[in-house]
Amino acid sequence: FGKKNIADLTTTIMADCAQIETASSHWIPEFIGAMISTALVGIGMLVFFDFRIVLASFWVIPAAFLTVWGSSKYQQTAVKKNHSVKMELSDGIQECLESIRDLRSNNAQDRYMETLDRKIKNLVFDFGGVLVQLNMKRCVERFAALGFTDVEKYVNAYSKEGLFQELELGNVSVPEFCSEVAKHCSDGVSDSQILDAWNSFLNGVPVHLMNALIDLQKDYRVILLSNTNKPHWDFSCREYFSLDGHSVEDHFEKMFLSFEMHVTKPDAQIFEQMCAQADILPQETLFLDDAKANCAAAEKLGINTQLITAGEDWRNLFK
């Protein structure tokens, strides 16, 4: 411990805590439930059916345990290798952040960044605040004009509450959303008026950022991970990503959207699903988001993060 930087120790401890928390909340309960249900099914089959059916059905269980036991040495080696790569990459990122001024003053930035770029293979972008600009004030005014005068209680730049949160989780359909919002509005407000007011939250994506997403795919896998909802996503695909004959698929290799995944950041599950489905390693991934809570959650899983402020030109990170 005496040889370790306090930041390294904190990162290691937080990562271990996150792994223990994930095991306690996901893996262990599922394992215990599977064992109990398997035992109950086995007993039931012994009572009501021939024991040979039980043997034919459950021979895979000891085979599975033998496979896990036989591969334990390989798993330990793989875990050690993964941990070593993860720490090497984390050290490189931290070193860059601490020495970037010295590198620039000595004209060594380009050479150093080339080495660092080889460690990062995947770029994961948030949508709202990082790519699309947000206009909360205009959205509140549009809803107020429809009679929904306290919408700011449910919506802000970083999170949603109530019905709006359910929309981002994909737990309510767009017609259901409009029907519920209409109850807060004046009589006679149409679904299209409600959706127009809701979509006024979005204030466009700068063209230079759109082009940067395409250019970055020459050197990285570019992925989107967003807490968003179907009206906002459909509007963005139609109004922003279709410019100059492009489509959203030209800007991202893969897209992970909360309303399709039924989980939102900063829940660890959304990051775990993204890594598994995109087949990427956390230590080889840089996540750009404008919310501290989301970055903190990603860091617990070993993902490198960069907090982006509103209106920041993040292209400077890759020059």
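Data block above holds the structure.
Residues numbered from 1 in each chain as written. Predicted model: local features only at pLDDT ≥ 70, side-chain atom pairs only at ≥ 80, totals over all residues. Heavy atoms only, no water.

Turning next to the pairing of strand β2 (residues 221-226). In terms of residue burial, β2 counts as a mostly covered element, since 5 of its 6 residues are buried. Here 4 bridges tie strand β1 (residues 122-125) to β2, and the two strands are oriented parallel to one another. Residue leucine 123 lies in a different strand from β2, and its bridge partner there is valine 222. Here β2 pairs with strand β3 (residues 254-257) via 4 bridges, running parallel. (Buried < 20%, exposed > 50% of the residue type's maximum accessible area, 1.4 Å probe, protein only. Helix = DSSP H or I, 4+ residues; strand = E, 2+ residues; numbered from the N terminus. Pairing = 2+ DSSP bridges.)

Right, let's talk about the side chain of asparagine 122 for a bit. Here asparagine 122 is to be found in strand β1. Relative accessible area serves as the criterion here: at 3%, asparagine 122 is assigned to the buried category. There is a polar contact of 3.1 Å between the side chain of asparagine 122 and the side chain of threonine 285. Setting aside chain neighbours within four positions, we find asparagine 122 in contact with Arg221, Ile280, Leu281, Glu284, Thr285 and Leu286. (Polar contact = N/O pair within 3.5 Å; in protein donor to acceptor, adjacent residues only side chain to side chain. Contact = heavy atoms within 4.5 Å.)

Here the amide bond leading from lysine 265 into proline 266 is cis, since omega sits at 10°, within 30 degrees of zero. Secondary-structure assignment places proline 266 in the loop between α12 (258-261) and α13 (268-278). Look at histidine 262: it is not a glycine, yet its phi comes out positive at around 60°. Tracing the backbone shows histidine 262 in the loop between α12 and α13.

By the burial criterion, the buried members of helix α9 (residues 191-199) are Ile194, Ala197, Trp198 and Asn199. Elements in contact with the buried residues of α9: α6 (136-145), α7 (162-168), α8 (174-182) and α11 (230-239).

In the structure shown here, the tally under the stated rule is 0 disulfides. The thiol of cysteine 178 is unpaired, and the distance to the nearest cysteine sulfur, on cysteine 185, comes to 9.6 Å. Given a relative accessible area of 2%, cysteine 178 falls into the buried group. (Disulfide = S-S within 2.5 Å.)

Let us now look at a nonpolar patch on the surface. Taken together, the side chains of Trp27, Ile28, Phe31, Ile32, Met35, Ile36, Leu40 and Phe65 present a nonpolar region at the surface, about 830 Å² in accessible area. For the nonpolar patch, the element with the highest residue contribution is helix α1 (residues 6-48), accounting for 7 residues. Relative to the helices and strands, isoleucine 32 is located in helix α1. Looking at isoleucine 32, the relative accessible area reads 44%, which means it is partly exposed. (Patch = residues over 30% accessible without salt bridge, like charges linked within 9 Å, V, L, I, M, F, W, Y side chains within 5 Å. Areas by Shrake-Rupley, 256 points an atom, 1.4 Å probe, with all protein chains shown as cover. Salt bridge = Lys/Arg side-chain N within 4 Å of Asp/Glu carboxyl O.)

Moving on, we come to the environment of leucine 225. On the secondary structure map, leucine 225 appears in strand β2. Take leucine 225: its relative accessible area is 0%, and that puts it in the buried class. In sequence terms leucine 225 and phenylalanine 287 are 62 residues apart; their C-alpha atoms lie 8.9 Å from each other. Setting aside anything within four residues of it in sequence, one finds leucine 225 in contact with Val124, Phe125, Asp126, Phe127, Phe256, Lys265, Ile270, Phe271, Met274 and Phe287.

Bringing the packing of α9 against α11 into the picture now. Contact geometry for α9 and α11: axes closest at 10 Å, N-to-C directions at 75°. By the criterion of interaxial angle, the relationship of α9 to α11 is roughly perpendicular. Touching Leu195, Trp198 and Asn199 of α9 are Pro231, His232 and Phe235, all from α11. Of the residues assigned to the contact of α9 with α11, the class counts are 4 nonpolar, 2 polar and no charged. (Axes fitted to C-alpha atoms, helices over the stretch in contact; angles between N-to-C directions. Parallel < 35°, antiparallel > 145°, perpendicular 65-115°, else oblique. Nonpolar A, V, L, I, M, F, W, Y, C, P; charged D, E, K, R; others polar.)

What follows is about the sheet that holds β1. The pairing of strands in a sheet happens through backbone hydrogen bonds and is either parallel or antiparallel. The 5 strands are arranged β3-β2-β1-β4-β5 in an open sheet whose pairing can be described as parallel. The open sheet has two edge strands, β3 and β5 (304-307), and neither has a second partner. Each adjacent strand pair in this sheet contributes to an overall mean axis angle of 20°, direction not counted.

The buried fraction of strand β4 (residues 285-289) is high, at 5 of 5 residues. Where burial is concerned, the two faces of β4 agree: the one with Thr285, Phe287 and Asp289 and the one with Leu286 and Leu288 are both buried. Crossover β4 to β5 through helix α14 (residues 292-300) is right-handed. (Right-handed = clockwise from strand over helix to strand, strands pointing away.)

Taken as a whole, this structure holds 18 aromatic pairs when the rule is applied. Seen in terms of ring centroids, phenylalanine 125 and tryptophan 314 are 4.7 Å apart; in terms of plane orientation they differ by 50°. Their pairing is tilted. Here phenylalanine 125 is found in strand β1, whereas its partner tryptophan 314 is found in the segment after β5, with 189 residues between them in sequence. Put simply, the rings of Phe143, Phe148, Tyr154, Phe164, Phe177, Trp198 and Phe201 pair up and form one aromatic cluster. (Phe/Tyr/Trp six-rings, centres within 6.5 Å; stacked < 30°, edge-to-face > 60°.)

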